[in-house]
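Residue-level structural notes
What follows is each chain in one-letter form.
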Amino acid sequence: MRFPLRNALFLMILLALMIPGIAIAVPVVQIVRSFDWFNKYWALVFPYTAILAPFGLVLAKGFMDQLPKEMQEAGLVDGCSVFQSFLRIYLPLTQPIAMIVTIFTFLGSWNEFLFAMIFMRKEKMQMVTTIPIKFQVDFVTNMPGLFAALVIIQLPLIVLYVLFQKHFKEGLTAGAVKS
């Protein structure tokens, strides 16, 4: 859809992609402390959403730009409003990109270490990605235990890829070519 400042908004989203998670760690810690969210899942949900949303939006924009505009015009001729044509025509076509954004968001949050380590201090609340730290004590590292933990951490990702590899391959090329 065309609207004023469309390109400026897209540039702001692209700029958000350039900010690494570590650069916003101190403000995020202060926000989490002010809301008293330590050892609560909200402390991870909001930062992960803020960090991973720009990437998903850029992928979705590339895919949506690829869809023909004539479909919306046909919907308008048939009596749909712009919103109805979006819901009834475009939304069902966005399944491949919705799957790939979901997969990439899951991968990004699954592999994130810093915020999981900072915000989840209780043993029962810790994320699985912080487990390898337990195998390092002072100057000794339990290498077999560390590598076993790393394999166990990656198993859900491998299963996820095997289950959704069709969508993953479609999503990698979604929005790549504009006709």
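These numbers come from a predicted model, not from an experiment.

Here the focus is the environment of Arg 2. On the secondary structure map, Arg 2 appears in the segment before α1 (6-17). In this structure Arg 2 comes out as exposed when scored by relative accessible area, which is 69%. Each C-alpha atom, one on Arg 2 and one on Thr 94, is 19 Å from the other, the two residues being 92 residues apart in sequence.

With that out of the way, let us pick up the layout of surface pockets. Of the voids in this model, the second largest pocket is the one considered here, and its volume is about 150 Å³. What lines the second largest pocket is Ala 16, Leu 17, Ile 19, Pro 20, Gly 21, Ile 24, Ala 50, Ile 51 and Pro 54. When contributions to the lining of the second largest pocket are tallied by element, the ones reaching two or more residues are α1 and α3 (42-66). Here the lining of the second largest pocket takes three residues from α3, the largest share from any one element. Tallied by class, residues from the lining of the second largest pocket come to eight nonpolar, one polar and no charged.

By the secondary structure assignment, Ser 85 is in helix α5 (residues 82-93). What makes Ser 85 buried here is its relative accessible area of 1%. Within the structure, the side chain of Ser 85 is placed 2.8 Å from the backbone oxygen of Val 82, a separation counted as a polar contact. Not counting residues within four places of it along the chain, the set of residues in contact with Ser 85 comprises Gln 72, Cys 80 and Tyr 90.

Going through the model one piece at a time under the given rule, you end up with three salt bridges. Two residues, Lys 61 and Asp 65, come together in a salt bridge whose shortest N-O distance is 2.5 Å. Of the two residues, Lys 61 and Asp 65 are both situated in helix α3; the distance of four residues between them amounts to about one turn of the helix. Relative accessible area serves as the criterion here: at 26%, Lys 61 is assigned to the partly exposed category. Glu 123 is paired through a salt bridge with Lys 134; the nearest N and O atoms lie 3.7 Å apart. Placement of Glu 123 in the loop between α7 (114-119) and β1 (136-137) and of Lys 134 in the loop between α7 and β1 is noted, with a sequence separation of 11 residues between them. Judged by relative accessible area, which is 42%, Lys 134 ranks as partly exposed. Three or more residues are tied together by salt bridges with common partners; here these are Arg 6, Lys 61 and Asp 65.

The first and last C-alpha atoms of α3 sit 35 Å apart over 25 residues, in line with the 36 Å expected at 1.5 Å per residue. Taken as a whole, α3 carries its principal kink of about 35 degrees at Leu 52; the proline Pro 54 stands between one and four residues after it. Of all the positions in α3, only Ala 43, Leu 44, Pro 47, Tyr 48, Leu 52, Pro 54, Gly 56, Leu 59 and Phe 63 are classed as buried. If you follow the buried residues of α3, they end up packed against α1, α2 (25-35), α5, α6 (95-110) and α7.

Even without a glycine there, the phi angle at Leu 5 is positive, about 60 degrees. Mapped onto the fold, Leu 5 is located in the segment before α1. Of note, the phi angle at Asp 36 is positive, near 55 degrees, even though the residue is not glycine. You can see Asp 36 is positioned in the loop between α2 and α3.

α3 packs onto α1 with a crossing angle of 135 degrees between their chain directions and a minimal axis gap of 8 Å. Between α1 and α3, the angle falls in the class oblique. Between α1 and α3 lies a crossing of left-handed hand. Touching Arg 6, Phe 10, Ile 13, Leu 14, Ala 16 and Leu 17 of α1 are Pro 54, Phe 55, Leu 57, Val 58, Lys 61 and Asp 65, all from α3. Along the lines of polarity and charge, the residues of the contact of α1 with α3 split into nine nonpolar, no polar and three charged.

Criteria and thresholds
- Residues numbered from 1 in each chain as written.
- Predicted model: local features only at pLDDT ≥ 70, side-chain atom pairs only at ≥ 80, totals over all residues.
- Heavy atoms only, no water.
- Helix = DSSP H or I, 4+ residues; strand = E, 2+ residues; numbered from the N terminus.
- Buried < 20%, exposed > 50% of the residue type's maximum accessible area, 1.4 Å probe, protein only.
- 1 Å grid on protein atoms, 1.4 Å probe; cavity = no way out; pocket = protein on both sides within 12 Å on 5 of 7 lines; lining within 4 Å.
- Points joined across faces, edges and corners; volume = space filled by probe spheres on them.
- Nonpolar A, V, L, I, M, F, W, Y, C, P; charged D, E, K, R; others polar.
- Polar contact = N/O pair within 3.5 Å; in protein donor to acceptor, adjacent residues only side chain to side chain.
- Contact = heavy atoms within 4.5 Å.
- Salt bridge = Lys/Arg side-chain N within 4 Å of Asp/Glu carboxyl O.
- Expected span 1.5 Å × (residues − 1).
- Bend = angle between axes of the 7 residues up to and from the residue.
- Axes fitted to C-alpha atoms, helices over the stretch in contact; angles between N-to-C directions.
- Parallel < 35°, antiparallel > 145°, perpendicular 65-115°, else oblique.
- Left-handed = near helix turned anticlockwise from the far one by under 90°.

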